[in-house]
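# Residue-level structure breakdown
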Amino acid sequence: MRLCFLVEEQYRDDGMPLDVIRQLCAWGHRVDVLRPGSSLIPLSRAVQAGSHDAWVLKTVSGGPGLSLLEAAASVGLTTVNDVRAIRGVRDKALAAVIARGSGLPVPVTYAAARAADFAEIPEAEYPLVVKPADGSSGRAVRLVETPDRLTGPGAGPADGGLLIAQPYVPNSGSDLKVYCVAGELYATERCSPLHPGRAVRERQVPLTPEVARIAEEVGAVFGLDLYGVDVLLGPAGPVVVDINDFPSFRQVPDAVARVSAAIVRLAREGAGRPVVPPARVSSATAPLAAIGQDR
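Here goes a summary of the coordinates provided. (Residues numbered from 1 in each chain as written. Predicted model: local features only at pLDDT ≥ 70, side-chain atom pairs only at ≥ 80, totals over all residues. Heavy atoms only, no water.)

## Some points on the environment of L57
Looking at the element boundaries, L57 is found in strand β3 (residues 54-58). Residue classification places L57 among the buried positions, given a relative accessible area of 0%. Once the C-alpha coordinates of L57 and L69 are considered, the two residues, 12 residues apart in sequence, prove to be 7.0 Å apart. Excluding residues within four positions of it along the chain, L57 makes contact with L6, G65, L66, L69, V80, I86, R90, D245 and F246. (Helix = DSSP H or I, 4+ residues; strand = E, 2+ residues; numbered from the N terminus. Buried < 20%, exposed > 50% of the residue type's maximum accessible area, 1.4 Å probe, protein only. Contact = heavy atoms within 4.5 Å.)

In structure tokens, the structure reads:
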């Protein structure tokens, strides 16, 4: 099987996806790597129908890789995840509207080009969490306690892009990262970027049926196969505060082998459809004896 990975400079040395690429090569697959942010890409030759069994994207939200992935999809190539699903979650303003319209538990969301415009939000809704609509990896996420703190250094995206704001969900200071690997669900507890001073040990934790159901619904609504959902356990129950395509899968048991095997299956069967229906909640490592051998 021949695969193409789009990897930007931010992830040049990351285990996700480099270890996955090494694993796929070890299984006998051919993997081409394109770096859209730092190299010349022979577009007419690289993006051709039949050139690869699938293209896989690991780039920052606002990077150029998504355009190349869309180009691959336009000539009929399989993309992991489905390119329409990636576009749906990488624009956080769009994702909030889709999620809320589908009945997912997401906070009320506001959008503005300037942080100062959020001063129109009633003060009773403060504190606010403000972040770029095209942000990733917790970049430029701020907790704004009162309207007078909206402006100042770091108050707006450097490129003039859109910002979103959501009322802060009171929580313990930890985030629940729920990862889906083509039908298998795992959860990791880690320190919230809004509360870096709190001591939270990153660890795999069990999933409750309620959170598992929400994570499954996210995949179904957006058409994702490999994804992560950031969940806060607020006073009124679980709340979805972010959705990511191809996340880090930290603390997922045998993550490299599992993600690699999922990519192989998705490349063969086509992304955007459940690989293991329905999604299953995993609290222990499943057998890996035959993983990746079907190629």
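Having seen it, we continue.
## Some details on the sheet that holds strand β2 (residues 30-34)
An order of β2-β1-β3-β4 is seen for the 4 strands of this open sheet, with the pairing classed as parallel. Each having just a single partner strand, β2 and β4 (79-80) make up the two edges of the open sheet. In the sheet, strand β1 (residues 2-7) pairs with β2 via 5 bridges, with the strands oriented parallel. Bridging from a neighbouring strand, L6 pairs with L34 of β2. Across the sheet, helix α1 (residues 15-26) lies against β1, β2 and β3, angled at about 165° from β1, the strand it touches most. Against the sheet, helix α3 (residues 65-74) contacts β1, β3 and β4, and its axis sits at roughly 165° relative to β3. (Pairing = 2+ DSSP bridges. Axes fitted to C-alpha atoms, helices over the stretch in contact; angles between N-to-C directions.)

## What about the nonpolar core?
With 31 residues, the main nonpolar core has F5, L24, L226, F249, V259 and I263 as its most contacted residues. The element best represented in this core is helix α7 (residues 255-269), accounting for 8 residues. Counting residues in each nonpolar core, the second largest holds 25 residues, with V89, V205, F222 and Y227 among its members. (Core = buried A, V, L, I, M, F, W, Y, C linked by side-chain atoms within 4.5 Å.)

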